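# Commentary on secondary and tertiary structure
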Amino acid sequence: MGSDDGQPLIEARGLRKRFGDFEAVKGIDFEVRRGESFGFLGPNGAGKSSTMRMIGAVSPVTGGELRLFGLDPATDGKSIRARLGVVPQQDQLDEMLNVEDNLVIYGRYFDISYAESRKQARKLLEFVQLEDRASSKIMPLSGGMKRRVTIARSLMNDPEILLLDEPTTGLDPQARHVLWDRLYRLKQQGVTLVLTTHYMDEAEQLCDRLVIMDEGRIVAEGPPAELIRVHSPREVLELRYPAGANAEQGPALEGIGARQEVLPDRVLVYADDGEAALSEVHRRGASPESALVRRSSLEDVFLRLTGRTLVE
Amino acid sequence: MTATLPERRSLLGPAVRVFEHHLLVYRRVWKSNVLGSVIRPLLYVLGMGLGVGSLVDDGPRADTALEGLTYFEFFAPAIMATTAMQILTNDALWPIRGGFVWFGTYHNQRATPIDAGDVVTGVLLWHLAKGVLSAGGVAVVLLLFDGTRTAALLPAVVFAAFAGIAYSAPLIAFSASRETDLAYPNIQRFVIVPMFLFSGAFYPIDQLPGWMQTVTRLTPIWHGVELCRGVVHGSLEFVNGAGHLAYLLVWLVVGYVLSRRVFTAKLGV
Ligand SMILES: Nc1ncnc2c1ncn2[C@@H]1O[C@H](COP(=O)(O)OP(=O)(O)OP(=O)(O)O)[C@@H](O)[C@H]1O
Ligand SMILES: [Mg+2]
């Protein structure tokens, strides 16, 4: 792989994407360094896919600057794409071909000879633990298996950067863990990962560093733990009151913890010591139907910064 | 999967990779396809050529009406061109939508060092091959009959395929530019089928009113039919042949340029 001259692999300055009169990405700055795992965390419509497609050198940049490997996607799209692996939001596997042929022909797109491509396909199917499905059709595969085939496909050209658009959305917990494990191995092998997600646990699991996106803008940036430490007290007390009664609790809870958020289905009390806050709630006679103390997460950071929840 | 890159070789352009994708898919369906492309024209040629032929050839104007040919000899070579047109126009409708929407094939290809323009070139290369295959199926049938057993079937196959892509090139631009596939059946019903019926495959177009003859001469299929029939029976003059080919080429080039434009816009949103 190329020499590391300290220059970021991906560099964006004031990056914008406009569709007609609608601006989906409104001027964002970020850098991705070689070997790191970088995430875009944001709700539906935040502009994650639009950003990823610009990074993938398929969607023209409408404003600002974008460089990959120091190259401009507008002029060096082919050479950039030759060094990228892409896992699109939809798998887009070819149902007319079996699993292995899906990979083999994809390797051909990168000018890899048939013999090499077939060898590479077998190796990668082993890597995603699907070697016994090589000659299977696409249709009968589960969602998680299809996702793994797509990841194997994206690795056919030994990419330096792997772009993953919502790698585990719609998968069951077990399938997600299998995928996370594979992605973690890739990271260990030195592949730079860039992924989008609207799951905070995924972002915490996989990303060294992430940006939180909302409505086309970056609202925060940093390593997950740091973002949580900076933007939220250590613990969260979740209180549930009878239906419709959450909003009425405001006065009774005033002053407990550092901050409170009233959601339609629960009240969140942010405090460094959640148990102490709960005792205070009981002492004031505002006892909820149920209560739970947990650690602050990226979800809370997002709520803090945008006033909305990540997953509706 | 780390340091060593697989050996790479670059013989031909990225468009050929798109062609290879089609070939790989075709490998799974070729048996039914090949059988169909021989059996269908066989039934057709037997039913029409011999059936209708037996009526026409004994008719009062049998000697002059068909340029001195039997009805079978007149009609059968033209079927090469009309078959290529029918198969390729079909391929230029739903499968193109599949590449964009249902399977995402073109988007996948575009994510690699293949450009939107390469995709169009590759698809048209494939259509040319498919045209050769389908007109070739008819040629195989024509080899069975004395009146059409000639080496000139070979250039006729090429002419037929060429007429086919003169249709599919502009049609690919059209179908790619649609937001839905609702218009596709109407293209077949109101554009392709009439062209088929008035192509001059079944009767000489001087049987038509003057204005309709003019319209027919503007359709690519008539040029394809004239090329195939003329070359098979050795009556194609160089100047006429070149004229027909040039006319088909115009449709092909215009369609190709339009298709590249549409694909570039659609694959680079
Ligand atoms: N081709 C397009 N034409 C018009 N608007 C578009 C287009 N693609 C995306 N948008 C709009 O841009 C906004 C951002 O979309 P984008 O797909 O980037 O969001 P996202 O963060 O990936 O969301 P999701 O989590 O739903 O995938 C949305 O409002 C979307 O409707
Ligand atoms: Mg998206």
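Residues numbered from 1 in each chain as written. Chains lettered and ligands numbered in written order. Predicted model: local features only at pLDDT ≥ 70, side-chain atom pairs only at ≥ 80, totals over all residues. Heavy atoms only, no water.

### With respect to the overall build of chain A
Of regular secondary structure, chain A possesses 11 helices and 13 strands. Each of the three principal axes of chain A carries a C-alpha extent, and together these read 75 × 45 × 35 Å. Burial statistics for chain A: of 312 residues in total, 55% are counted as buried. The contacts of chain A with a sequence gap of at least 6 include a subset with a gap of at least 24, amounting to 68%. In the structure as shown, chain A presents an accessible area of about 13200 Å², 47% of it carried by carbon and sulfur atoms. (Helix = DSSP H or I, 4+ residues; strand = E, 2+ residues; numbered from the N terminus. Buried < 20%, exposed > 50% of the residue type's maximum accessible area, 1.4 Å probe, protein only. Contact = heavy atoms within 4.5 Å. Areas by Shrake-Rupley, 256 points an atom, 1.4 Å probe, with all protein chains shown as cover.)

### Here's the deal with the sheet that holds strand β11 (residues 259-262) of chain A
Each strand in a sheet pairs with another by means of backbone hydrogen bonds, the pair being arranged parallel or else antiparallel. Residue and element names in this part refer to chain A. Spatially, β11-β12-β10-β13 is the arrangement adopted by the 4 strands of the open sheet, whose pairing is antiparallel. Edge strands, defined here as strands with exactly one partner in the open sheet, are β11 and β13 (290-295). Along the sheet, successive strands turn relative to each other by an average axial angle of 20 degrees, direction set aside. Across the sheet, helix α10 (residues 274-283) lies against β10 (235-240), β12 (267-271) and β13, angled at about 35 degrees from β10, the strand it touches most. (Pairing = 2+ DSSP bridges. Axes fitted to C-alpha atoms, helices over the stretch in contact; angles between N-to-C directions.)

### So, the packing of aromatic side chains
Any aromatic ring pair is given by two values, namely how distant the centres are and how the planes are angled relative to each other. All names here are of chain B. The final tally for this structure, using the stated rule, is 16 aromatic pairs over all chains. Relative to Tyr184, the ring of Trp94 has its centre 5.5 Å away and its plane inclined at 80 degrees; by these criteria the two rings are edge-to-face. Here Trp94, found in helix α4 (residues 94-102), pairs with Tyr184, found in helix α8 (residues 184-197); they are 90 residues apart in sequence, far enough to count as distant. With a centroid separation of 4.7 Å and an interplanar angle of 65 degrees, the aromatic rings of Phe100 and Phe263 are classed as edge-to-face. In this pair, Phe100 is assigned in helix α4 and Phe263 in helix α11 (residues 238-266), connecting sequence segments 163 residues apart. Following the ring pairs from residue to residue traces out a cluster consisting of Tyr44, Tyr71, Phe75, Phe196 and Phe202. (Phe/Tyr/Trp six-rings, centres within 6.5 Å; stacked < 30°, edge-to-face > 60°.)

### Description of the site of ligand 1
Around ligand 1, 15 residues are found, and the nearest of them are Gly45, Lys48, Ser49, Ser50 and Glu166 of chain A. Close to ligand 1, residues of chains A and B are found. One nitrogen or oxygen atom from the side chain of Ser50 of chain A is found 2.6 Å from an oxygen atom belonging to ligand 1. In the model, an oxygen atom of ligand 1 is placed 2.9 Å from a nitrogen or oxygen of the Gln89 of chain A side chain. When the free accessible area of ligand 1 is taken as 640 Å², the share hidden by the protein chains comes to 64%. (Near = heavy atom within 4 Å. Polar contact = N/O pair within 3.5 Å; in protein donor to acceptor, adjacent residues only side chain to side chain.)

### A word on the sheet that holds strand β4 (residues 63-68) of chain A
Residues and elements named next belong to chain A. The strand order across the open sheet built from 3 strands is β2-β1-β4, with neighbouring strands paired in antiparallel fashion. The open sheet has two edge strands with one neighbour each: β2 (22-32) and β4. Geometrically, the sheet is characterised by an average inter-axis angle of 25 degrees between neighbouring strands, direction not taken into account. Note that strand β1 (residues 10-19) and β2 share 8 bridges and pair antiparallel. What sits directly across from Ala12, in β2, is Phe30.

### Digging into the coordination of the magnesium ion (ligand 2)
All names here are of chain A. Of the protein atoms, only Ser49 (OG) and Gln89 (OE1) coordinate the magnesium ion (ligand 2), at distances of 1.9 to 2.2 Å. Taken together, the residues Ser49 in helix α1 (residues 48-55) and Gln89 in the loop between β5 (84-87) and α3 (99-109) connect sequence positions 40 residues apart. Judged by its relative accessible area of 37%, Gln89 falls in the partly exposed class. (Donors = N, O, S within 2.8 Å, 3.2 Å for Na, K, Ca; no water.)

### Comments concerning the interface of chain B and chain A
On the side of chain A, 39 residues touch chain B, which itself brings 33 residues to the contact. In this structure, the connection of chain B to chain A is made through 5 salt bridges. Across the salt bridge formed by Arg17 of chain B and Asp111 of chain A, the nearest N and O atoms sit 2.6 Å from each other. Counting across the interface, chain B meets chain A through 15 residue pairs in polar contact (both at pLDDT 80 or more). Mapped onto the side of chain B that touches chain A, the elements with two or more residues apiece are α1 (14-56) and α5 (105-110) of chain B. By residue number, the principal contributor to the side of chain B that touches chain A is α1 of chain B, which donates 8 residues. Split into classes, the residues belonging to the side of chain B that touches chain A amount to 12 nonpolar, 11 polar and 10 charged. (Salt bridge = Lys/Arg side-chain N within 4 Å of Asp/Glu carboxyl O. Nonpolar A, V, L, I, M, F, W, Y, C, P; charged D, E, K, R; others polar.)

### As for the side chain of Ser168 of chain B
Residues and elements named next belong to chain B. Within the secondary structure layout, Ser168 lies in helix α7 (residues 153-177). A distance of 3.1 Å separates a polar atom in the side chain of Ser168 from a polar atom in the side chain of His127. Setting aside its immediate chain neighbours within four residues, Ser168 contacts Leu88, Ala92, Leu124 and His127.

### Thoughts on α1 of chain B
Compared with an ideal rise of 1.5 Å per residue, which puts 43 residues at 63 Å, α1 of chain B spans 52 Å between its outermost C-alpha atoms and falls more than 12% short. Residue Val29 of chain B marks the point of greatest curvature in α1 of chain B, where the axis turns by about 70 degrees. (Expected span 1.5 Å × (residues − 1). Bend = angle between axes of the 7 residues up to and from the residue.)

### What to know about the packing of helix α3 (residues 78-91) of chain B against α8 of chain B
Residues and elements named next belong to chain B. Two elements in contact, α3 and α8, have axes whose closest approach is 10 Å; the angle formed by their N-to-C orientations is 165 degrees. Taken together, the axes of α3 and α8 are roughly antiparallel relative to one another. The interaxial crossing formed by α3 with α8 has right-handed handedness. Together, Thr82, Met85, Gln86, Thr89 and Asn90 of α3 and Gln188, Ile192 and Phe196 of α8 make up the contact between the two elements. Looking at side-chain class alone, the contact of α3 with α8 contains 3 nonpolar, 5 polar and no charged residues. (Parallel < 35°, antiparallel > 145°, perpendicular 65-115°, else oblique. Left-handed = near helix turned anticlockwise from the far one by under 90°.)

### Some words on the pairing of strand β8 (residues 209-214) of chain A
Residues and elements named next belong to chain A. In terms of burial, β8 is largely enclosed, as 6 of its 6 residues are buried. Side-chain alternation along β8 places Arg209, Val211 and Met213 on one buried face and Leu210, Ile212 and Asp214 on a second face that is also buried. One ladder, built from 4 bridges, connects strand β3 (residues 37-41) with β8; its direction is parallel. Within β8, the position partnered with Phe40 by the bridge is Val211. Direction of pairing for β8 relative to strand β9 (residues 217-222): antiparallel, over a ladder of 5 bridges. Looking at β9, one finds that Val211 is bridged to Glu221. Counted along the chain from β8 to the antiparallel partner β9, the turn is 2 residues long, and its residue Glu215 has a positive phi close to 45 degrees.

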